[in-house]
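Remarks on the overall topology
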Amino acid sequence: MKTSTIALIVLVIVAAVGLTQAAFTVDQTERAIVLQLGRPVGDTALEPGLHFKIPLVQNVVFFDSRILDFDAKPEEITTTDKKYMNVDSYTKWRIFDPLTFYTKVRTVQGAQARLDDIVRSQLRVAVGRYTLIEVVSHKRQEIMTAVTKRASELLHPYGIEVLDVRIKRTDLPPENARAIFGRMKAERERQAKQYRSEGREVSAKIIAEADKERSIILADAEKESEIIRGDGDAQATKIYADALGRAPEFYEFTRSLDAYRKSFGSNSRFIMTPNSQFLQHMQ
């Protein structure tokens with residue numbers, strides 16, 4: 001009786017250990033495949049939940065089903081206008097078919113190596129279609145969309161889905177940056193000289209036009225003043241003539257007074273005969 005009890009206890013312990021070794025849980029963020037002697041068992045991956053395997057014969061490999069990041073090292077790429085630029089990118093990807101993934105690339109490290117090769121090559125192809133100015137200004141989104149689509153197509157047979165490829169940063173190599181800066185400086189100086197010469201030309205035109213208008217205005221004013229002066233002289237002559245015709249004696253008298261006023265000063269001396277015509281109004 002005692003021996004049978006011990007055997008029962010041993011049997012229960014062995015069964016518990018076997019059940020512990022056979023049962024396993026797949027998390028919500030994971031997918032799993034069962035391997036038997038290194039080969040996958042079944043045609044599909046295991047979904048989240050409780051599952052069982054044969055202890056000591058089968059083992060389980062887990063794969064993350066969430067979106068993963070791959071940050072590639074910056075790479076020097078040539079644009080279509082023969083300019084070199086350092087492109088720093090990253091990739092969003094996930095394992096959509098764990099069974100195919102395990103068969104083709106085995107591990108995440110192997111998948112990242114394949115991602116690195118394909119994404120880099122597609123970036124070189126896409127960036128090589130555009131000029132440096134287009135890449136850094138308005139063609140970046142188009143490049144990223146094309147690379148994402150093509151990389152996803154190439155990695156689909158490996159059980160990998162590429163969700164997004166993004167260019168984080170685009171820099172010029174130091175020697176290119178200095179050369180481009182020199183060209184930009186020369187171009188700005190050329191434009192500045194052109195603007196200054198155009199400004200001087202416009203300034204000369206404005207000054208010439210102003211001088212022309214000034215000469216015309218002065219000439220017109222001089223002409224107008226001569227006309228007004230002539231009209232005034234004519235009116236004065238007419239008035240004098242009318243006055244002389246109406247009262248010749250009075251006109252002669254006023255004119256003589258004007259002559260006296262202008263001729264006689266404090267030290268003026270005259271030697272004249274008593275019958276002088278000039279002094280007739282003084283007698």
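All values derive from a computational prediction rather than experimental measurement.

Thresholds applied
Residues numbered from 1 in each chain as written. Predicted model: local features only at pLDDT ≥ 70, side-chain atom pairs only at ≥ 80, totals over all residues. Heavy atoms only, no water. Helix = DSSP H or I, 4+ residues; strand = E, 2+ residues; numbered from the N terminus. Buried < 20%, exposed > 50% of the residue type's maximum accessible area, 1.4 Å probe, protein only. Contact = heavy atoms within 4.5 Å. Pairing = 2+ DSSP bridges. Patch = residues over 30% accessible without salt bridge, like charges linked within 9 Å, V, L, I, M, F, W, Y side chains within 5 Å. Areas by Shrake-Rupley, 256 points an atom, 1.4 Å probe, with all protein chains shown as cover. Salt bridge = Lys/Arg side-chain N within 4 Å of Asp/Glu carboxyl O. Axes fitted to C-alpha atoms, helices over the stretch in contact; angles between N-to-C directions. pLDDT = per-residue confidence, 0-100. Core = buried A, V, L, I, M, F, W, Y, C linked by side-chain atoms within 4.5 Å. Domains from an automatic or database assignment. Parallel < 35°, antiparallel > 145°, perpendicular 65-115°, else oblique. Left-handed = near helix turned anticlockwise from the far one by under 90°.

Another aspect to go through is the overall build of the protein. Scanning the protein from N- to C-terminus turns up 7 helices and 9 strands. Out of the 283 residues in the protein, the part that is buried amounts to 22%. For the protein, contacts bridging at least 24 residues in sequence account for 65% of all contacts bridging at least 6.

Side chains of strand β1 (residues 23-26) alternate between two faces, with Phe-24 and Val-26 buried and Ala-23 and Thr-25 left unburied. Where β1 meets strand β4 (residues 49-52), 4 bridges bridge the pair, whose relative direction is antiparallel. Bridging from a neighbouring strand, Thr-25 pairs with Leu-50 of β4.

Where nonpolar side chains cluster on the molecular surface, the patch consists of Ile-54, Leu-56 and Val-57 and spans about 330 Å² of accessible area. Summarising the element assignment, Val-57 is placed in the loop between β4 and β5 (58-64). According to the relative accessible area criterion, Val-57 is partly exposed, its value standing at 36%.

So, on to the sheet that holds strand β3 (residues 39-46). Backbone-to-backbone hydrogen bonds join strands into a sheet, with any given pair of strands oriented parallel or antiparallel. Reading across from one edge, β3-β2-β5 is the order of the 3 strands in this open sheet, with antiparallel pairing throughout. Only two strands of the sheet have a single neighbouring strand rather than two, namely β3 and β5. Between one strand axis and the next, the sheet turns by 25 degrees as a mean value, whatever way the strands run. In this structure, strand β2 (residues 30-36) lies alongside β5, joined through 7 bridges in antiparallel fashion. Paired with Ala-32 across the strands is Phe-62, a residue of β5.

In terms of backbone geometry, most residues other than glycine have negative phi values and most peptide bonds are trans. One non-glycine residue, Lys-82, lies in the positive phi region at around 65 degrees. Relative to the assigned elements, Lys-82 resides in the loop between β7 (75-78) and β8 (84-95). Exposure remark for Lys-82: the relative accessible area of 66% places this residue in the exposed category. A positive phi angle is found at Arg-106, which is not glycine, with a value near 70 degrees. Here Arg-106 is to be found in the loop between α2 (98-104) and α3 (108-127).

What follows covers the confidence of the model for the protein. Overall, the prediction assigns the protein a mean pLDDT of 82, with 84% of residues at 70 or greater. At the low end of the mean pLDDT range in the protein sits helix α1 (residues 2-22), at 62; at the high end sits strand β6 (residues 68-71), at 92.

In this structure, Ile-33, Trp-93, Phe-101, Leu-115 and Ile-143 are the most contacted members of the largest nonpolar core, which totals 35 residues. Elements with a minimum of two residues in this core: β2, β6, β8, α2, α3, α4 (132-136), α5 (140-155) and β9 (160-171). Looking at this core element by element, the count peaks at 7 residues for α3. In this structure, this core is formed jointly by two domains, domain 1 (3-64) and domain 2 (68-171), each of which donates at least three residues.

Attention now moves to the packing of α3 against α5. α5 packs onto α3 with a crossing angle of 140 degrees between their chain directions and a minimal axis gap of 9 Å. Of the possible angle classes, the one that applies to α3 and α5 is oblique. Here the hand of the crossing between α3 and α5 comes out right-handed. The segment α3 lies against α5, with Arg-114, Leu-115, Ile-118, Val-119, Gln-122, Leu-123, Ala-126 and Val-127 engaging Ile-143, Val-147, Arg-150, Ala-151, Leu-154 and Leu-155.

Counted under the stated rule, the structure contains 16 salt bridges. Note that Arg-66 is salt-bridged to Asp-64, the shortest N-O span being 2.9 Å. In this structure, Glu-161 and Arg-94 form a salt bridge, with 2.9 Å as the shortest nitrogen-oxygen distance. With Glu-161 in strand β9 and Arg-94 in strand β8, this residue pair connects regions lying 67 residues apart in the sequence. What makes Glu-161 partly exposed here is its relative accessible area of 25%. Relative accessible area serves as the criterion here: at 28%, Arg-94 is assigned to the partly exposed category. One network of salt bridges, in which partners are shared, links Glu-75, Asp-116, Arg-120 and Arg-124.

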